[in-house]
Amino acid sequence: MPTPVFCQQVKRGQLDCLAIRHPLFQTDILLQGAQLIYFRPTDDPQPWLWLSRQAEYIPGQAVRGGIPVCWPWFGQADKNPAEVQQHINDISSAGAHGFARQQIWQLKQLQEKCDQVRLTLELESQHSEQWRGHARASLCFTLRRERLEVALTSHNLSDKTLHISQALHSYIPTGDIRNSYIRGLEQCAYRDALQLQDGDWRLCRQRGAVRFAAETDRIYFLPQARPVRLQTPARQWLLSSHGSRSCVVWNPWIDKSRRLSQFADDDYQRMLCIETANVMDDIICLPAGRQHTTTLTLQRG
Ligand SMILES: O=P(O)(O)OC[C@H]1O[C@H](O)[C@H](O)[C@@H](O)[C@@H]1O
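Everything numeric in this text was worked out from a predicted model, so none of it was measured.

Draft legend 1. Fine view of the overall build of the chain. The number of helices and strands found in the chain is 2 helices and 22 strands. For the chain, the spread of C-alpha atoms along the three principal axes comes to 60 × 50 × 35 Å. Counting over 301 residues, the chain shows a buried share of 53%. Total accessible area on the chain is roughly 13200 Å²; 44% of this is exposed by carbon and sulfur atoms.

Shown next, in the form of structure tokens:
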């Protein structure tokens, strides 16, 4: 790799961080979890991702904000399809959202240009205490003034079929959650993780825009990849995806905010998560040697 001009490795608390100071934008990406925690075009006064003011930068603990990577399983292990669970050694002790967000990724590629920076981080996972699988996760960031693109590739390095659930767990800022809404999910079926019906998360259908007036934790199923628009009081965001047919929408609201780590009691008013996912019916099935890429593009709407 040529000597970087815009990118340098710095410390954020106890964690190593790639700080990119390009004339057109600024980004911070932690090597732990390949977690992007900051992105702001130089001519924009506001960062594009929400990051907790109580964020802690400690080894082995995901930071609350930015874009954590949930891989090779999403959410609680026991809520995953049996195909995903079969690769997890001890379901009862398996942490939520897999292990990739707590591990150190390696910088494999950095390409700096006058209008963009592209960098790729990789994590190779062999059989471990937690997981029976051999796969490589690569996260390629393409950073430009007008858009942020994140591509997560899972590559099955084993000789057996592998099943993965995952999400790019984007935390988006809003000035006021009660005056924010999402368009693009109208008529989509979703599972409501806060309502049980016959032992399963209740299956519902979205009527109109998604609005927020209570705790929200839903998995939407998209019949085909389509962009999602978030309207907040001051801004509109456009999230586009490829390789994903499921989208998680989450806001912890009042009670859960009090229980969350690295989260102020009133933070729920200023954030929401729109997660580009591959979960439930949309998990990734990778035959030996195959790979799959899921891409999120975030831009101002
Ligand atoms: O607190 P974390 O492990 O980061 O999870 C935060 C949230 O992630 C997802 O959005 C899940 O759907 C939620 O159920 C969960 O509360």
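There's more to say after this.
Draft legend 2. Seen up close, the sheet that holds strand β14 (residues 200-205). Here we have 7 strands laid out as an open sheet, ordered β5-β11-β20-β19-β16-β13-β14, and antiparallel in their pairing. Two strands lie at the open edges of the sheet, namely β5 (69-70) and β14, each paired on one side alone. The sheet contact formed by strand β11 (residues 166-173) and strand β20 (residues 271-278) spans 8 bridges and is antiparallel. Across the sheet, residue S170 finds its bridge partner in β20, namely I274.

Draft legend 3. Main features of the side chain of D192. As for its position among the elements, D192 is in strand β13 (residues 189-197). Among buried charged residues, D192 stands out as having no salt bridge; its nearest opposite-charge side chain is R218, 4.4 Å away. A distance of 2.8 Å separates the side chain of D192 from the backbone nitrogen of L194, its partner in a polar contact. A polar side-chain atom of D192 sits 3.0 Å from a polar atom in the side chain of Q195. Leaving out residues up to four positions away in the same chain, D192 has contacts with W201, R202, C204, D217 and R218.

Draft legend 4. Main features of the nonpolar core. The biggest cluster of nonpolar side chains holds 73 residues, and the ones touching the most others in it are W71, W105, L119, L143 and I182. Considering each element in turn, this core owes the most residues, 5 residues, to strand β8 (residues 135-144). Residue contacts for I182: discarding those within four places in its chain leaves A209, V210, F212, V228, R229, L230, V249, L272 and I274. Core analysis: the next-biggest nonpolar cluster, separate from the first, contains 9 residues, W201, V248, A277 and V279 among them.

Draft legend 5. Here's a closer look at the pattern of salt bridges. With the rule as written, the count across this model stands at 16 salt bridges. Between D44 and R300 there is a salt bridge, with the nearest N and O atoms lying 3.0 Å from each other. Linking D44 in the loop between β4 (35-41) and β5 with R300 in strand β22 (residues 291-300), this pair joins segments that are 256 residues apart in sequence. The exposure class assigned to D44 is buried, which follows from its relative accessible area of 5%.

Draft legend 6. Examining the packing of aromatic side chains more closely. Under the definition given, this model contains 12 aromatic pairs. Their ring planes at 65° and their centres at 5.7 Å tell us that F99 and W131 sit as a pair that is edge-to-face. Placement of F99 in the loop between α1 (82-85) and β6 (106-112) and of W131 in the loop between β7 (116-125) and β8 is noted, with a sequence separation of 32 residues between them. Accessibility classification places F99 together with W131 in one group, the buried group. Summarising the aromatic geometry, the rings of Y171 and W250 are spaced 6.2 Å apart at their centres and angled 85° between planes, so their arrangement reads as edge-to-face. Taken together, the positions of Y171 in strand β11 and W250 in strand β19 (residues 246-251) put the pair 79 residues apart, joining distant regions of the chain. Each of the two residues, Y171 as well as W250, counts as buried.

Draft legend 7. Representation of the site of the ligand in the model. In the neighbourhood of the ligand, the contacting residues comprise R64, F74, H97, R101, H169, D217, V248, W250, K256, L260 and E275. H97 places a polar side-chain atom, nitrogen or oxygen, 3.0 Å from an oxygen atom of the ligand. At a separation of 2.8 Å, an oxygen atom of the ligand approaches a polar side-chain atom of H169. Protein coverage of the free-state accessible area of the ligand, which is 390 Å², stands at 81%.

Draft legend 8. Summary view of the sheet that holds strand β3 (residues 25-30). Spatial ordering of the open sheet is given by β1-β2-β3-β4, a layout of 4 strands whose pairing is antiparallel. Whereas interior strands pair on both sides, the edge strands pair on one side only; in this sheet they are β1 (7-12) and β4. Adjacent strand axes in the sheet meet at a mean angle of 20°, parallel and antiparallel pairs treated alike. Sheet topology note: the β3/β4 ladder contains 6 bridges and is antiparallel. When the bridges of β4 are listed, Q26 appears paired with R40.

What counts as what
- Per chain, residue numbering runs from 1 following the sequence as it is written.
- This being a predicted model, a pLDDT of at least 70 is required before a residue's local features are given, and a value of 80 or more before pairs of side-chain atoms are given or counted; all residues contribute to the totals for chains, interfaces and linings.
- Side-chain figures throughout are based on the complete set of non-hydrogen atoms in the structure, without hydrogens or water.
- What counts as a helix is a DSSP run of H or I of at least four residues, what counts as a strand is a run of E of at least two, and both are numbered from the N terminus.
- Each residue is assigned to one of three classes by its accessible area relative to the maximum for its type, calculated with a 1.4 Å probe on protein chains only: buried under 20%, partly exposed between the two thresholds, exposed over 50%.
- Using a 1.4 Å probe, the Shrake-Rupley method yields the accessible areas, and only the shown protein chains count as cover for residues.
- Paired strands, in this sense, are two strands between which DSSP finds at least two bridges.
- Lys and Arg are tallied as positive, Asp and Glu as negative. Neither His nor the chain termini are counted.
- Salt-bridge detection follows one rule: a side-chain nitrogen of Lys or Arg within 4 Å of a carboxyl oxygen of Asp or Glu.
- In protein, a polar contact requires one atom able to donate a hydrogen and another able to accept it; more generally it is a pair of N or O atoms within 3.5 Å, and residues adjacent in sequence count only if both atoms are side-chain atoms.
- Residue contacts follow a heavy-atom distance rule, with two residues in contact if any of their heavy atoms lie within 4.5 Å.
- What is meant by a nonpolar core is a set of buried Ala, Val, Leu, Ile, Met, Phe, Trp, Tyr and Cys residues, joined one to another through side-chain atoms within 4.5 Å.
- Between the rings of Phe, Tyr and Trp (Trp by its six-membered ring), a pair exists once the centres lie within 6.5 Å; its type follows the angle of the planes, with under 30 degrees stacked, over 60 edge-to-face, and the other angles tilted.
- Any residue with a heavy atom positioned within 4 Å of a molecule or strand is treated as near that molecule or strand.
- Orientation is described by lines fitted to C-alpha atoms, with helices fitted over the stretch in contact, and by angles between N-to-C directions that extend from 0 to 180 degrees.

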